[in-house]
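Descriptive structure summary
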Amino acid sequence: MNQHFTAAVIDEFDKPLDIREVDLPEPGRFQALVRNIASGICHTDVHASKGDWPIKPDLPLIPGHEGVGEVVKLGPGEHTVEVGDIVGNVWLWSACGTCEFCRTGRETFCNEAEFGGYTVDGSFGEYMLVDTRYCARIPEGSDPVEVAPILCAGVTVYKALKVSGASPGQFVVISGIGGLGHLAVQYAVAMGMRVIAVDIADDKLNLAKRHGAEFTVNARSEDPAEAVTEYTSGGAHAVIVTAVHPDAFGQAVGMARKAGTIVFNGLPAGEFPASIFDIVLNGLTIRGSLVGTRQDLEEALDFYARGKINPTVKEVELGDVNEIIHGLVDGVIDGRRVIRY
Ligand code: NAD
Ligand code: ZN
Ligand code: ZN
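To start, this report covers the structure provided alongside it. The model shown is predicted, which means the values in this text are computed figures rather than measured ones.

Moving on to the overall build of the protein chain. What the protein chain contains, in helices and strands, is eleven helices and 17 strands. Taking 20 Å as the expected radius of gyration for a compact globule of 341 residues, we find that the protein chain reaches 20 Å, a close match to that expectation. Across the 341 residues of the protein chain, 55% fall into the buried class. Taking all contacts inside the protein chain whose residues are at least 6 apart in sequence as the whole, residues at least 24 apart take part in 68%. Only carbon and sulfur atoms are counted for the fraction: they give 49% of the accessible area of the protein chain, which is about 14600 Å². Taking the average place of the 28 positive charges on the side chains of the protein chain and the average place of its 46 negative ones, the gap between the two points comes to 5 Å.

Structure (structure tokens):
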């Protein structure tokens, strides 16, 4: 096997990723070396490359946490995957397995967790390592490019919908119709909810309609709180915010029905203003949600495997990654761009 491979590397924050040859890693205990077939480009990779968040990754770093590839070599230890299996890397790259959070079905909050393409190298390269105890098992018959966005975007919004407590027949607002949001529309429809899409771009709203949203609001030309409250006669039972601008987070409070739940998925740097009076008098729940557990991932992949979720994807090459990052910052990417190796 070649001892080098091509990857896109963050060397410095807010600078283009460098496409270069890097050393092939050796799989350690419970790890597998994977030859990548595809990798989605998530807005989190943009945050990583810009150093947007309070906790910054160590550089140099290969980002990417929606990678799909074939296991080519196993490290020491017992494994539940074999050479030749198709697996994926995910944000929850590994966890300790023994702490309070791991033991209570909340492993994404493990203090010892490693995050794919953030604390460990990810899938923006021809090869990657995975921890076989935490990697995704890609359902047989999956299209590698189509299934890639399920590994982060899909599981994240599926989990957010679950924790929102919204029931079939109830209204759910999806605010932000990007990579996450266009899948959130589809999961919500598949889960029997009535979907309202909010974004600041009409083409994103049209995409949401094509994926089953029954009502859309352009937050740039209309007041989303007013439009949603009127359409739903009192507000949505749940609001899932996947947008990348803090404005959307403050607006979510005005779109929720009394006793409703607002789930934050988006992670723009910054803060949002919200009226304490509105939150208390309306009995709102505002909560964060971080990707999903291995069980959530299996369920999210199963929705895809059963044909309920059709990601809008376009194939790109590894060399296009800097252009896609610009496109995500400018908000001009529909659905997901997926690198094909
Ligand atoms: P994306 O760039 O594909 O989509 C973002 C969308 O937000 C775009 O459609 C854009 O038009 C829209 N938007 C921007 N400003 C808006 C506003 N004021 N109101 C409504 N919509 C607005 O990004 P993505 O890959 O879907 O990621 C979205 C966010 O979710 C990122 O911050 C990312 O880091 C975060 N994320 C969180 C988790 C998690 O576990 N919580 C997982 C994955 C991604
Ligand atoms: Zn992601
Ligand atoms: Zn743990």
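Further remarks concern the coordination of the zinc ion (ligand 2). Each protein donor to the zinc ion (ligand 2) is listed here as C42 (SG), H65 (NE2) and C152 (SG); together their distances run 2.0 to 2.3 Å. Take C152: its relative accessible area is 6%, and that puts it in the buried class.

This paragraph deals with the coordination of the zinc ion (ligand 3). With distances of 2.3 to 2.4 Å, the protein atoms coordinating the zinc ion (ligand 3) are C96 (SG), C99 (SG), C102 (SG) and C110 (SG). Site description for the zinc ion (ligand 3): donor spacing in sequence, C-x2-C-x2-C-x7-C. Its relative accessible area of 30% is what places C96 among the partly exposed residues.

Neighbouring strands of a sheet are bound in pairs by backbone hydrogen bonds; such pairs are parallel or else antiparallel. Spatially, β12-β11-β10-β13-β14-β15 is the arrangement adopted by the six strands of the open sheet, whose pairing is parallel. For this open sheet the edge positions go to β12 (215–218) and β15 (285–288), each flanked by a neighbour on one side alone. Put simply, the sheet's adjacent strands are angled 20 degrees from each other on average, direction ignored. Where strand β13 (residues 236–241) and strand β14 (residues 256–264) come together, five bridges link them in parallel fashion. Bridged to V241 within β14 is F264. Helix α4 (residues 153–164) contacts β10 (171–175), β13, β14 and β15 of the sheet and is inclined by roughly 150 degrees relative to β14.

Now for the packing of aromatic side chains. In this structure the tally under the stated criterion is twelve aromatic pairs. With 5.4 Å between their ring centres and 55 degrees between their planes, W91 and Y118 make a pair best called tilted. Of this pair, W91 sits in the loop between β5 (86–88) and β6 (92–94) while Y118 sits in the loop between β7 (114–115) and β8 (127–131), and the two are 27 residues apart along the sequence. Take W91 and Y118: they sit in the same class, and that class is buried. Arranged with centres 5.2 Å apart and planes meeting at 90 degrees, the rings of F264 and F272 form a pair that is edge-to-face. Judged by its relative accessible area of 14%, F264 falls in the buried class. Ring pairs connect the aromatic residues W53, W91, F115 and Y118, which therefore count as one cluster. For the cation-ring pair, R306 lies above F303, with the distance from its terminal atom to the ring centre recorded as 4.9 Å.

Attention shifts here to the side chain of K159. On the secondary structure map, K159 appears in helix α4. For K159, a relative accessible area of 18% gives the class buried.

Before going further, it helps to spend a moment on a nonpolar patch on the surface. A cluster of nonpolar side chains, I276, F277, V280 and L281, forms an exposed patch at the surface whose accessible area comes to about 470 Å². Mapped onto the fold, V280 is located in helix α9 (residues 276–281).

Another point: the site of ligand 1. Residues in contact with ligand 1 amount to 29 residues; listed here are only the nearest, H43, T44, D199, V291 and R336. Side-chain polar atom of T44 to an oxygen atom of ligand 1: 2.7 Å apart, as the coordinates give it. Here an oxygen atom of ligand 1 and a backbone polar atom of L267 are 2.9 Å apart. When ligand 1 is considered free in solution it has 870 Å² of accessible area, and contact with the protein chains removes 96% of it.

About the cut-offs
- Residues numbered from 1 in each chain as written.
- Chains lettered and ligands numbered in written order.
- Predicted model: local features only at pLDDT ≥ 70, side-chain atom pairs only at ≥ 80, totals over all residues.
- Heavy atoms only, no water.
- Helix = DSSP H or I, 4+ residues; strand = E, 2+ residues; numbered from the N terminus.
- Rg over C-alpha atoms; globule rule 2.2 N^0.38 Å.
- Buried < 20%, exposed > 50% of the residue type's maximum accessible area, 1.4 Å probe, protein only.
- Contact = heavy atoms within 4.5 Å.
- Areas by Shrake-Rupley, 256 points an atom, 1.4 Å probe, with all protein chains shown as cover.
- Lys, Arg positive; Asp, Glu negative; His and termini not counted.
- Charge placed at Lys NZ, Arg CZ, Asp CG, Glu CD.
- Donors = N, O, S within 2.8 Å, 3.2 Å for Na, K, Ca; no water.
- Pairing = 2+ DSSP bridges.
- Axes fitted to C-alpha atoms, helices over the stretch in contact; angles between N-to-C directions.
- Phe/Tyr/Trp six-rings, centres within 6.5 Å; stacked < 30°, edge-to-face > 60°.
- Lys NZ or Arg CZ within 6 Å of the ring centre and 35° of its normal.
- Patch = residues over 30% accessible without salt bridge, like charges linked within 9 Å, V, L, I, M, F, W, Y side chains within 5 Å.
- Salt bridge = Lys/Arg side-chain N within 4 Å of Asp/Glu carboxyl O.
- Near = heavy atom within 4 Å.
- Polar contact = N/O pair within 3.5 Å; in protein donor to acceptor, adjacent residues only side chain to side chain.

Take it as geometry only, folks, not as evidence of what the structure does.
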